[in-house]
Amino acid sequence: MGLILLEALLALVVLIAIVWWTMFSGRKGGELDLPAQDPNPKAPEDRKPPTPGG
């Protein structure tokens, strides 16, 4: 019984270590800045939805 609890504790420690590693091992300067994008891009003429009745 003790061996099962020890194995479960070890699995929990490994899980916490993996989560910790992935959370705090990113880029040194943080995330890269993305280029600014138009918040309301225009659809191409051939991609506009059809007008009602037309």
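See the structure above.
My aim in this report is to walk through the structure given alongside it, one point at a time. (Residues numbered from 1 in each chain as written. Predicted model: local features only at pLDDT ≥ 70, side-chain atom pairs only at ≥ 80, totals over all residues. Heavy atoms only, no water.)

## Thoughts on the overall build of the chain
Check the secondary structure of the chain and you find one helix and zero strands. The buried share of the chain, taken over its 54 residues, is 0%. Split by element, the accessible area of the chain, about 5,900 Å² in all, is 67% carbon and sulfur. (Helix = DSSP H or I, 4+ residues; strand = E, 2+ residues; numbered from the N terminus. Buried < 20%, exposed > 50% of the residue type's maximum accessible area, 1.4 Å probe, protein only. Areas by Shrake-Rupley, 256 points an atom, 1.4 Å probe, with all protein chains shown as cover.)

## Some remarks on helix α1 (residues 2-24)
Over its 23 residues, α1 extends 33 Å from the first C-alpha to the last, a length consistent with the 33 Å expected when each residue adds 1.5 Å. Along α1, only zero of the 23 residues are buried, which leaves the element largely exposed. (Expected span 1.5 Å × (residues − 1).)

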